[in-house]
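# Summary of structural features
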Amino acid sequence: MYIYTGIHTCILISNLYLSDHPLVNMPRKPERGILGYKKDPKNQILFSFNVRTGDEWPSDDSDDSDYVPDDGLYCVSDGQAMKHSVNAETKKKQLLIKNRKRKKNGSTATKYNETSASKKSKCTSQTESIVAEQHDNVPPLPPEIWLKIFGFVVDRIGALPFLCRAAKVCHMWHELSCHHSLWQKVDLSYGWIKARDQTLLWLCNNRLSQCRSINLTSWKNVTSSAIKQLAEKCPLLESVNLSYCKKLSSEAVTMLVDSCPHLAEIDVSFTSPDAVSPMCLGHLIGTMNSRLRLLNIAGNHFKAFGTLVTYLMTSCSNLEHLDISNANFSSDFVSLNIEKFQIGCKKLKVIRFANSKFRATIQRQQMEPHGFSDLEQLSLAVSTTTTTGSNVGLGIDDNFISRLLLTSTQLRLLDLRGCGNVTCEGLLHLPITNLQQLYISQSPIAKSNCYSDFEPMIQKWRHSLIELDLSWNSYPAEILHAALKALAIGCIKSPLESINLAGTSVKMKSVKYILQNCPSLNSINLTSCRGLPRGIKRDFSGKQFLQLQRDHKT
């Protein structure tokens, strides 16, 4: 019980202390006056608890038009005094009339309010006395228990900014917040800390000696010298995120890999070309070898990437997460030997090749099928907004997907947005059993020769689909209606939570089927649907979706 209450007190008390620590940049609330208005020196608000005897703001006749001096201090002319007395009497009469009307109309309400207020006051006094007694009976917690409570809080909301705020509560909390065991997982990407070399050096010397995971995303000005200090001071690092660090050099990446023998996850996406040079990545793969579990090199320009892929297949047997999205290659397309890829990296769970030019090599000899049996996410999406987007997806076809997902029965996410050479027939024959997220927007899947396979494809995964994206496809209204009806109506209730039908020819009867037969649905996008009436063509979520659901219940 002490630990549970201690976690909540840590969060509440630390939130009260907006830290003035030099590392934390928290916006301060604007100062307000007594009545809740912003303080304005030009327009001062006069206030006193007792108007007749209270001390008023100093003023004179020239500043205030309605100023009436006190009788004992100033002399007033008879005419002004008469006007002031008449105005006061009329105001008193108006107040008396208003009070009489209020008493006639709301006598019962006032009685009820008085009784409820007295009950509330009694309840609050009782609770306050109980809390005070409990507080007196609870013994002070030792620092070891507080350290365990701090550990629970850090696991729940992160090390920052909690530890910086807690350090200002008392001396004991300051000592506890400096404990190195609380700084094992640090995320510096949310702007809590100034992104500069001096900050990182101070943290390395004072806090991060036992750090195992650090996120430096968007630290654009951090230099290689600071990364070298990080590698020297934090030898226990297991995960490093250096995405968008534009000043990163190959020397810093090499030193980080050599100095951290436990490093298994590294993210160098959208960094400098020097940090992802063939020599640097080759050293990274060769040194980390089988301990590499996550590699993110998305958004970079590569030279001789084909040899690097071959090296990756033969060295990283325990790789689980590979992201090469939005990559630019020196060659036109990178040929991928899918069977060798499956043999070398058979433990892959996440593959992201979105908007990158990959194509499968020709299978000249029959090889024993291996596949990615543990694969959970596959993203091969292609951007159709750019001029080169149509050429990027030329290598992604039914043959590529069927060979890649040969044994991937546990796949949960499949993203094929913009892939023009994928058909419904190819998707229908995939071995996936419980697909949860399917994205096939802006893809010419809706060809005339695929209409017969579209409804069976949707029906195949209706029992498991949670999110479905069919937007901006030219399905005929009848074909789309049959598929959505098969999705909504079945022996088992559909677990669908979100569907995107933007830019399609969906009709109102199809929308009603979805709204009435998908109890878990909480979002539907009907933007630019030409077959719907006005007022419906928009994205519905939250309160707007609930209103749409109520309006079309029957």
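To start, this report covers the structure provided alongside it.

Cut-offs and rules
Residues numbered from 1 in each chain as written. Predicted model: local features only at pLDDT ≥ 70, side-chain atom pairs only at ≥ 80, totals over all residues. Heavy atoms only, no water. Axes fitted to C-alpha atoms, helices over the stretch in contact; angles between N-to-C directions. Helix = DSSP H or I, 4+ residues; strand = E, 2+ residues; numbered from the N terminus. Parallel < 35°, antiparallel > 145°, perpendicular 65-115°, else oblique. Left-handed = near helix turned anticlockwise from the far one by under 90°. Contact = heavy atoms within 4.5 Å. Nonpolar A, V, L, I, M, F, W, Y, C, P; charged D, E, K, R; others polar. Core = buried A, V, L, I, M, F, W, Y, C linked by side-chain atoms within 4.5 Å. Buried < 20%, exposed > 50% of the residue type's maximum accessible area, 1.4 Å probe, protein only. Salt bridge = Lys/Arg side-chain N within 4 Å of Asp/Glu carboxyl O. Phe/Tyr/Trp six-rings, centres within 6.5 Å; stacked < 30°, edge-to-face > 60°.

The subject of this paragraph is the packing of helix H16 (residues 451–460) against helix H17 (residues 477–488). Running from N to C, H16 and H17 cross one another at 20°; their axes reach a closest spacing of 8 Å. In terms of orientation, H16 and H17 fall into the roughly parallel class. Of the two possible hands of crossing, H16 and H17 adopt the one that is right-handed. Here Tyr451, Phe454, Glu455, Ile458 and Gln459 of H16 lie close against H17, whose contacting residues are Ile479, Leu480, Ala482, Ala483, Ala486 and Leu487. Residues that form the contact of H16 with H17 fall into these classes: 9 nonpolar, 1 polar and 1 charged.

Turning our attention to the nonpolar core. Ranked by internal contacts, the top residues of the largest apolar core, which has 131 residues, are Ile214, Phe305, Phe341, Leu414, Leu470 and Ile499. What Phe305 contacts, discounting residues up to four positions off in sequence, is Ile297, Ile324, Phe329, Val334 and Phe358.

Counted under the stated rule, the structure contains 6 salt bridges. Among the ionic pairs, Arg293 bridges to Glu265, the shortest N-O distance being 3.4 Å. Residue Arg293 is located in the loop between helix H10 (278–288) and strand S5 (294–296), and its partner Glu265 is located in strand S4 (residues 265–267); the two are separated by 28 residues in the primary sequence. According to the relative accessible area criterion, Arg293 is partly exposed, its value standing at 34%. Between Asp332 and Lys357 there is a salt bridge, and its shortest N-O distance comes to 3.2 Å. Of this pair, Asp332 sits in the loop between strand S8 (328–329) and strand S9 (334–336) while Lys357 sits in the loop between strand S10 (350–352) and strand S11 (358–360), and the two are 25 residues apart along the sequence.

Applying the stated criterion across every chain yields a total of 13 aromatic pairs. Judged by centre distance (4.8 Å) and plane angle (5°), the rings of Tyr244 and Phe270 are stacked. A residue pair is termed long-range when its members are at least 10 positions apart, and Tyr244 in the loop between strand S3 (239–241) and helix H9 (250–259) and Phe270 in the loop between S4 and H10 qualify at 26 residues. Note on Tyr244: relative accessible area 32%, which makes it partly exposed. Exposure remark for Phe270: the relative accessible area of 25% places this residue in the partly exposed category. Centre to centre, the rings of Phe302 and Phe305 are 4.8 Å apart; their planes meet at 50°, and the pair counts as tilted. Comparing Phe302 with Phe305, the two get one shared label, buried. Aromatic rings pair up to connect Phe302, Phe305, Phe329, Phe341, Phe353, Phe358 and Phe372 into one cluster.

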